[in-house]
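# Structural overview for review
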Amino acid sequence: MRWSKTLLETLKETPAEAEIVSHQLMVRAGLIRKLAAGLYNYLPLGFRVIRKIEQIVREEMDAAGAVEVQMPILSPAELWQETGRWSKYGAELFRVKDRHERDFALGPTHEEIITDMVRKSVRSYRQLPINLYQMHTKFRDEIRPRFGVMRAREFIMKDAYSFDRDDKGAEDAYKKMFETYQSIFKRCGLRFKAVEADSGAIGGSFSSEFMVLADTGEEAIASCTKCSYAANVEKAQGRIASPNIQEAPQEKKLVATPGKHTVEEVAEFLQVPITRLAKTMLYFADGKLYAVVIRGDREVNEIKLKNAIAATELVLANPEQIKQATGAPVGFAGPFDLKGIEKVLLDDSLEGAVNLVSGGNQADTHATGVNLGRDFTPTEVCDLRVAQAGDLCPSCGEPLTIERGIEVGHVFKLGLKYSQAMKATFLDEAGKEQYCVMGCYGIGVSRIAAAAIEQNHDEFGICWPLPLAPYQVVLLPVAPKDPKAREMAEAVYAELQAAGVEALLDDRDERAGIKFKDADLIGIPLRLTFGKSVAENKIELKRRDQKEAELVPRLGIVARIKMLCADMLSAGA
RNA sequence: CGGGGUAUAGCGCAGUGGCUAGCGUACCUGCUUUGGGAGCAGGGGGUCGAAGGUUCAAAUCCUUCUACCCCGACCA
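Residues numbered from 1 in each chain as written. Chains lettered and ligands numbered in written order. Predicted model: local features only at pLDDT ≥ 70, side-chain atom pairs only at ≥ 80, totals over all residues. Heavy atoms only, no water.

### A closer look at the domain arrangement of chain A
The cut-off we apply is this: Where a domain begins and ends is set by an automatic assignment or by a domain database.
Under the domain assignment, chain A is made up of domain 1 (47-237 + 402-452), domain 2 (253-382) and domain 3 (471-572). Each of domain 2 and domain 3 has a C-alpha centre, and these two points are 66 Å apart.

Here it is in structure tokens:
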């Protein structure tokens, strides 16, 4: 491509609204342009990157035996009502009406649609297993779109759905996709990690996320320093490292703690370690109140709680609800004598603990010597806390560390959730009707572009990994006085194109400095400069990821570039 | 949804009631320059987010609306 023939405008200044580096660079390098909140135009350069990612995903999915289809973006409300997600998906589901006032959703994911497609076609076990996928635009009405295409309202996703005869087949399909995802992200040149995850609104029994490691990632990952255990902190089960002290139970006593609301204030005031506090939190879920008792230094993991009580909506109780249940204002709740509480759940950080300090259920009062079983009895004991660095690995007992990541892929074991709700069945060898066992597998195509930049950039701009680069080589003729430089650049450009190398010729009438700055900004992996050295039939070759350039002879330049590209491609794989 | 902020040229910004609304950058023309975001000269580009109001006079004051950005959405 000739620079002068495409729409490629770079910005010297960073747009005020872009917060993270990938967003800033994508706008400055002319990859994307915002249309409205969470909606972006992909300009030619950015679209080429999307195409590169899609192609890698497509090749690997096809190699894994999946079959590509395409489903409409609009889907009728009836299908969503069949599974109950029309009401359960919440405000994130983009709803629209047609001229006849019929309800539709802009697809955020397509389980209902694909299940409908399959139930209409599949009748026999002979048609299974099958794995269908599409690459398409998805819509989610995010509360707060931000970070450019990283969290947009409209984005490109690859979504695949597997249908199997039994659990064993579904398990195999899941494993196959897990492996396929590993090769996809490797081929994209990303540093990533697969982690156990909560399955959220999609549902199902088990899921893994693929995280691109980056400090700006929105997700936190707990991983073991020794074994291979890694999980999203939403899911991670860190065993508590410091055990609770054993001693003889004391009398329960109420003590005045005027104005001391937070655990830090209370621990300081009563001179007890913060781990001795039993923090009592009240939650309101699906019309009922729940109490959660957790060690003072720990935080409630609302996703674990939501799963423990099978809630669809969960919020902290408001001050009136707290007053009613405890008889006290916010800040003085204790686990005993609660009114109107559906369940009292105890985080297992406090299992076996004695002589705790909790709120006294009276204003400005806390209780000491609170003991499990005598002063209160939890309905359930389970893990309800957010894992922390230093917690012990659930599989090998070594300490966990916390790092951050960008979720680029998610694979789910769905089981029968959708096939039962929507009656997607087939006849087995015995002529007996069976439900399809499903799995689903997503990849954020547009998010990969942003994630790759988060991982691959420097102070001058993007440094694309070769497999995702919009062009492999950029050619800069920089000696306008010397027609030979331009001629040679044109000739090499033609030869590269003939050889199948994706080349961008900067044929603009610009000064050398501008061309160098722009080439660095847009991050093409290889740069050829046609300047002074053309007089000796030499061309300057520089890799974007290296500091030093080298002079290479004009003769054999194309072979040299092809070899370099091949090397850089396989380096990622 | 709550709070805060912003809206003036493609981008970044100035302009607190008074002449034709400005600066940097980008864009166009010419000359010079030419290996890391050149210099000089000339030029084009704005219903100052929208509507209404106050005033002799409004980008500027008031009201309403819209869009966008940030923070928060209760850890007792």
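### A short note on the sheet that holds strand 4 (residues 74-76)
Rule in force here: Any two strands are treated as partners once DSSP identifies two or more bridges connecting them. Only DSSP runs of H or I reaching four residues or more are called helices, and only runs of E reaching two or more are called strands; each is numbered from the N terminus. Inter-axis angles, ranging from 0 to 180 degrees, are taken between N-to-C directions of lines fitted to C-alpha atoms, where helices are fitted over the stretch in contact.
With antiparallel pairing, the 3 strands of this open sheet are ordered in space as 4-6-5. Unpaired on one side and paired on the other, strand 4 and strand 5 (94-97) mark the two borders of the sheet. This sheet shows a mean twist of 40° between the axes of neighbouring strands, independent of strand direction. Direction of pairing for strand 4 relative to strand 6 (residues 103-106): antiparallel, over a ladder of 3 bridges. When the sheet's bridge partners are listed, S75 is paired in strand 6 with A105.

### Here's the deal with the confidence of the model for chain A
Spelled out, the test is: As a per-residue quantity, pLDDT reports the predictor's confidence and falls between 0 and 100.
Taken as a whole, chain A shows an average pLDDT of 91; of its residues, 99% reach a score of 70 or greater. Confidence scores differ between elements of chain A, with strand 16 (residues 314-316) showing the lowest mean pLDDT of 81 and strand 28 (residues 503-505) the highest of 98.

### Notes on the nonpolar core
For the record, the criterion: Residue types Ala, Val, Leu, Ile, Met, Phe, Trp, Tyr and Cys, when buried and joined through side-chain atoms within 4.5 Å, form a set referred to as a nonpolar core. Three labels apply to residues, based on accessible area from a 1.4 Å probe with only protein chains included: buried if under 20% of the type maximum, exposed if over 50%, partly exposed otherwise in between. It only takes one pair of heavy atoms within 4.5 Å for two residues to be counted as in contact.
Counting 63 residues, the largest nonpolar core has L31, Y181, F185 and W464 as its most contacted members. Residue-level mapping places this core at the junction of two domains, with at least three residues from each of domain 1 (47-237 + 402-452) and domain 3 (471-572). Those residues within four positions of Y181 in sequence are excluded, and the remaining contacts are K158, F210, G409, H410, V411, Y441, G442 and I443. M71, L79, L128 and L132 belong to the second largest nonpolar core, which has 26 residues in total.

### Details of the side chain of K304
Quick reminder of the rule: In protein, a polar contact means a hydrogen-donor-capable atom and an acceptor-capable atom, both N or O and within 3.5 Å, with residues adjacent in sequence counting only if both atoms are side-chain atoms; elsewhere, any N or O pair within 3.5 Å suffices.
Position of K304 among the secondary structure elements: in helix 8 (residues 302-308). What makes K304 buried here is its relative accessible area of 10%. At 2.6 Å, the side chain of K304 forms a polar contact with the backbone oxygen of A236. Other than its neighbours up to four places away in sequence, K304 contacts E234, K235, A236, Q237, D383, L384 and R385.

### Concerning unusual backbone geometry
In this structure, P129 follows L128 across a cis peptide bond, with omega equal to -5°. Along the polypeptide, P129 turns up in the loop between helix 5 (111-121) and strand 7 (130-139). Positioned with a positive phi, D286 is a non-glycine residue whose angle comes to about 45°. Here D286 is to be found in the loop between strand 14 (278-285) and strand 15 (288-295). Among the residues examined, D286 registers a relative accessible area of 40% and is labelled partly exposed. Of note in the backbone geometry, K423 takes a positive phi value of approximately 55° without being a glycine. Structurally, K423 can be placed in the loop between helix 10 (417-421) and strand 22 (425-427).

### A few points about the pattern of salt bridges
Our working definition: Whenever a carboxyl oxygen of Asp or Glu lies within 4 Å of a side-chain nitrogen of Lys or Arg, that contact is scored as a salt bridge.
Evaluation of the coordinates by the stated rule reveals 42 salt bridges. Residues E142 and R151 are paired through a salt bridge, measuring 3.1 Å at the closest nitrogen-oxygen approach. Like E142, the residue R151 is buried in the burial classification. Where salt bridges share partners, they join K304, D347, D348, D383 and R385 into one cluster.

### What to know about the environment of E299
Following the sequence through the fold, E299 ends up in the loop between strand 15 and helix 8. Counting along the chain gives 18 residues from E299 to M281, while the straight-line C-alpha distance between them is 10.0 Å.

### What to know about helix 9 (residues 319-326)
Just so we agree on the cut-off: Each C-beta atom gives one direction from the helix axis, and the arc is the one those directions make.
Taken as a whole, helix 9 has its buried residues at Q321, I322, A325 and T326. Projected down its long axis, helix 9 carries its buried residues within an arc of 110°, all on one side. Those residues of helix 9 that are exposed and angled more than 90 degrees off the buried face are E320 and Q324. Looking at the buried side of helix 9, the elements it contacts are strand 14, strand 15 and strand 17 (341-347).

### Looking at the sheet that holds strand 27 (residues 473-477)
Pairing in this open sheet of 5 strands is mixed, and the strands run 28-27-29-30-31 from one edge to the other. Only two strands of the sheet have a single neighbouring strand rather than two, namely strand 28 and strand 31 (549-553). Here the average twist between neighbouring strands, direction ignored, is 25°. Here strand 27 runs beside strand 29 (residues 526-530); their pairing, made up of 5 bridges, is parallel. Within strand 29, the residue paired with V473 across the bridge is L526. Where helix 12 (residues 483-498) meets the sheet, its contacts fall on strand 27, strand 28, strand 29 and strand 30 (538-543), and the angle it forms with strand 27 comes to roughly 160°. Helix 13 (residues 512-522) contacts strand 27, strand 28 and strand 29 of the sheet and is inclined by roughly 175° relative to strand 27.

### Brief notes about the pairing of strand 27
Counting buried residues in strand 27 gives 5 out of 5 residues, a clear majority hidden from the surface. Neither face of strand 27 is exposed, since V473, L475 and P477 on one face and V474 and L476 on the opposite face are all buried. Sheet topology places strand 27 next to strand 28; 3 bridges connect them, and they run parallel. Each residue of the ladder has a partner; that of V473, found in strand 28, is A503.

### Re the packing of helix 1 (residues 21-28) against helix 11 (residues 445-455)
Counted only if it meets this: Between 65 and 115 degrees an angle is taken as roughly perpendicular, under 35 as roughly parallel, over 145 as roughly antiparallel, and anywhere else as oblique.
One can describe the packing of helix 1 onto helix 11 by two numbers: an axis separation of 8 Å at closest approach and a directional angle of 105°. Taken together, the axis directions place helix 1 and helix 11 in an arrangement best described as roughly perpendicular. On helix 11, the residues touching V21, S22, L25 and M26 of helix 1 are A449, A450, I453 and E454.

### Here's the deal with the packing of helix 2 (residues 44-63) against helix 6 (residues 167-187)
Pairs of packed helices are described in terms of their axes, by the angle between the two and the distance that separates them. Applied cut-off: Left-handed describes a crossing in which the near helix is turned anticlockwise from the far one by less than a right angle; the clockwise case is right-handed. When residues are sorted by character, Ala, Val, Leu, Ile, Met, Phe, Trp, Tyr, Cys and Pro go into the nonpolar class, Asp, Glu, Lys and Arg into the charged class, and all the rest, Gly among them, into the polar class.
Between helix 2 and helix 6, the least distance of the axes is 10 Å, while the angle of their chain directions is 150°. As judged from the angle between their axes, helix 2 and helix 6 are roughly antiparallel. Between helix 2 and helix 6 lies a crossing whose hand is right-handed. Taking contact as the criterion, the partners of I56, V57, E59, E60 and M61 in helix 2 are, on helix 6, M177, T180, S183, I184 and R187. Classifying every residue of the contact of helix 2 with helix 6 by side-chain character gives 5 nonpolar, 2 polar and 3 charged.

### A few points about the protein's contact with RNA strand B
Spelled out, the test is: Nearness of a residue to a molecule or strand requires only that one of the residue's heavy atoms be within 4 Å of it.
Taken together, 44 residues lie around RNA strand B, and R144, G331, R511, D520 and E540 are the ones closest in. Within 4 Å of the protein, the contacting atoms of RNA strand B are 48% sugar and phosphate, with bases supplying the remainder. Where the surface near RNA strand B is concerned, the elements lending two or more residues are strand 1 (32-36), strand 14, helix 13 and strand 29. The greatest single-element share of the surface near RNA strand B, amounting to 7 residues, is contributed by helix 13. A breakdown of the residues in the surface near RNA strand B according to their chemical character gives 19 nonpolar, 8 polar and 17 charged.

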